[in-house]
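Here is what each chain is made of, one letter per residue.
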Amino acid sequence: EAQVTQNPRYLITVTGKKLTVTCSQNMNHEYMSWYRQDPGLGLRQIYYSMNVEVTDKGDVPEGYKVSRKEKRNFPLILESPSPNQTSLYFCASSLSSWPTDTQYFGPGTRLTVL
Amino acid sequence: AQSVTQLGSHVSVSEGALVLLRCNYSSSVPPYLFWYVQYPNQGLQLLLKYTSAATLVKGINGFEAEFKKSETSFHLTKPSAHMSDAAEYFCAVSFTGGGNKLTFGTGTQLKVEL
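A brief report on the enclosed structure follows. (Residues numbered from 1 in each chain as written. Chains lettered and ligands numbered in written order. Predicted model: local features only at pLDDT ≥ 70, side-chain atom pairs only at ≥ 80, totals over all residues. Heavy atoms only, no water.)

Observations concerning the side chain of Lys78 of chain B
All names here are of chain B.
Thinking step 1. One can find Lys78 in strand 8 (residues 73-78).
Thinking step 2. What makes Lys78 buried here is its relative accessible area of 11%.
Thinking step 3. In this structure Lys78 touches Ala17, Leu18, Val19, Asn61, Gly62, Phe63 and Asp85, once residues within four positions along its chain are discounted. (Helix = DSSP H or I, 4+ residues; strand = E, 2+ residues; numbered from the N terminus. Buried < 20%, exposed > 50% of the residue type's maximum accessible area, 1.4 Å probe, protein only. Contact = heavy atoms within 4.5 Å.)

Focus on the pairing of strand 5 (residues 42-51) of chain A
Residue and element names in this part refer to chain A.
Thinking step 1. For strand 5, the buried fraction is high: seven of the ten residues fall into the buried class.
Thinking step 2. Of the strand pairs in this sheet, strand 4 (residues 31-38) and strand 5 are connected by seven bridges, and their pairing is antiparallel. Note on strand 5: the bridge partner recorded for Arg36 is Arg44.
Thinking step 3. Hairpin connection from strand 4 to strand 5: three residues lie between these consecutive antiparallel strands, with Gly40 at a positive phi of about 80 degrees.
Thinking step 4. Hairpin geometry of strand 5 and strand 6 (residues 54-57) is characterised by an intervening segment of two residues between the two adjacent antiparallel strands and by a positive phi of about 65 degrees at Glu53. (Pairing = 2+ DSSP bridges.)

Observations regarding the interface of chain A and chain B
Thinking step 1. Counting residues at the interface gives 26 residues for chain A and 23 residues for chain B.
Thinking step 2. Taking both partners together, chain A and chain B bury about 1,800 Å²; carbon and sulfur atoms supply 53% of that area.
Thinking step 3. Here chain A is connected to chain B by one salt bridge.
Thinking step 4. The residue Lys101 of chain B makes a salt bridge to Asp59 of chain A at a minimum N-O spacing of 2.7 Å.
Thinking step 5. Linking chain A with chain B are 13 residue pairs in polar contact (both at pLDDT 80 or more).
Thinking step 6. Counting residues per element, the side of chain A that touches chain B draws most heavily on strand 5 of chain A, at four residues.
Thinking step 7. Tallied by class, residues from the side of chain A that touches chain B come to twelve nonpolar, eleven polar and three charged. (Buried area = accessible area lost by both parts, 1.4 Å probe. Salt bridge = Lys/Arg side-chain N within 4 Å of Asp/Glu carboxyl O. Polar contact = N/O pair within 3.5 Å; in protein donor to acceptor, adjacent residues only side chain to side chain. Nonpolar A, V, L, I, M, F, W, Y, C, P; charged D, E, K, R; others polar.)

Overview of the layout of surface pockets
One simple way to see leftover space: roll a probe sized like a water molecule over the atoms.
Thinking step 1. In this structure, the largest pocket occupies an estimated 380 Å³ of space.
Thinking step 2. Around the largest pocket, the lining comprises 26 residues; the ones closest to its centre are Gln37, Leu88 and Arg110 of chain A together with Gln38 and Glu88 of chain B.
Thinking step 3. When grouped by side-chain class, the residues that make up the lining of the largest pocket number ten nonpolar, twelve polar and four charged.
Thinking step 4. Volume-wise, the second largest pocket comes out at about 330 Å³.
Thinking step 5. Forming the boundary of the second largest pocket are 17 residues, of which Ala2, Val4, Tyr104 and Phe105 of chain A together with Leu44 of chain B lie nearest the centre.
Thinking step 6. When residues of the lining of the second largest pocket are traced back to their parent elements, those giving at least two are strand 1 (4-7) and strand 10 (104-105) of chain A together with strand 5 (44-50) of chain B.
Thinking step 7. Per-element accounting of the lining of the second largest pocket gives the leading share, three residues, to strand 5 of chain B.
Thinking step 8. Of the residues contributing to the lining of the second largest pocket, the split by class is eight nonpolar, eight polar and one charged. (1 Å grid on protein atoms, 1.4 Å probe; cavity = no way out; pocket = protein on both sides within 12 Å on 5 of 7 lines; lining within 4 Å. Points joined across faces, edges and corners; volume = space filled by probe spheres on them.)

Section: the side chain of Asn100 of chain B
Thinking step 1. Of note, Asn100 of chain B is situated in the loop between strand 9 (87-95) and strand 10 (103-104).
Thinking step 2. Under the relative-accessibility criterion, Asn100 of chain B is labelled buried at 0%.
Thinking step 3. Only 3.5 Å separates the side chain of Asn100 of chain B from the backbone oxygen of Trp98 of chain A, close enough to count as a polar contact.
Thinking step 4. Within polar-contact distance, the side chain of Asn100 of chain B engages the backbone oxygen of Asp101 of chain A at 3.2 Å.
Thinking step 5. Sequence-distant contacts of Asn100 of chain B, that is, excluding residues within four places in its chain, are made with Tyr31, Tyr35, Ser94, Ser96, Ser97, Trp98, Pro99, Asp101 and Gln103 of chain A.

Observations concerning the nonpolar core
Soluble globular proteins tend to bury their nonpolar side chains together.
Thinking step 1. With 27 residues, the main nonpolar core has Trp35, Leu48, Phe74, Leu76 and Tyr89 of chain B as its most contacted residues.
Thinking step 2. Excluding anything up to four places from it in sequence, Leu76 of chain B contacts Val19, Leu20, Leu21, Trp35, Leu47, Leu48, Phe63, Glu64, Ala65 and Tyr89 of chain B. (Core = buried A, V, L, I, M, F, W, Y, C linked by side-chain atoms within 4.5 Å.)

As structure tokens, this is what we get:
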């Protein structure tokens, strides 16, 4: 089944404790992206990647890092999480970076930083 | 800068009634427009998209939307609401030169009542 998977689905952590949220797609997509969803703000892009070893900042990159060493994986790293990073996170992928390509979303990771 | 505005954060309709969810866009270049649906505890699923071919776009689950350049609108409609349509709906915009970054509206929660 074609899908985007994220792990973990739920995470509660404390301020400053480094964490990684994994994202994997099995559709051989070139483009991958991370969004965060906050009430009343919709989804905002954090980082994106157009291909292996090609990443760039989105609208809200502060406090996050990403890497793209393999085509299928695009982990999101929070090196020193803070309470304002409590949010619902979505990974998405599309065939290419063409703006009409459909983006497929993972099930989401709900992160709470205490 | 491109943006979308969704009027009404909550919309309530009776089962069998018309569903109308409003989306207006702002874009200095020709936009591509999308509607996504999010069911509870799930990721986003594409309902339909406008890619400059036909202005009336039909999507899944009986939804459709019409691109109206003169009104800068892309409202989502469904002739007859079903209980299973209860979800949150997001309008989003992308554009050539913007990669595949989606800029989302703040979402509309649709409630369907008996």
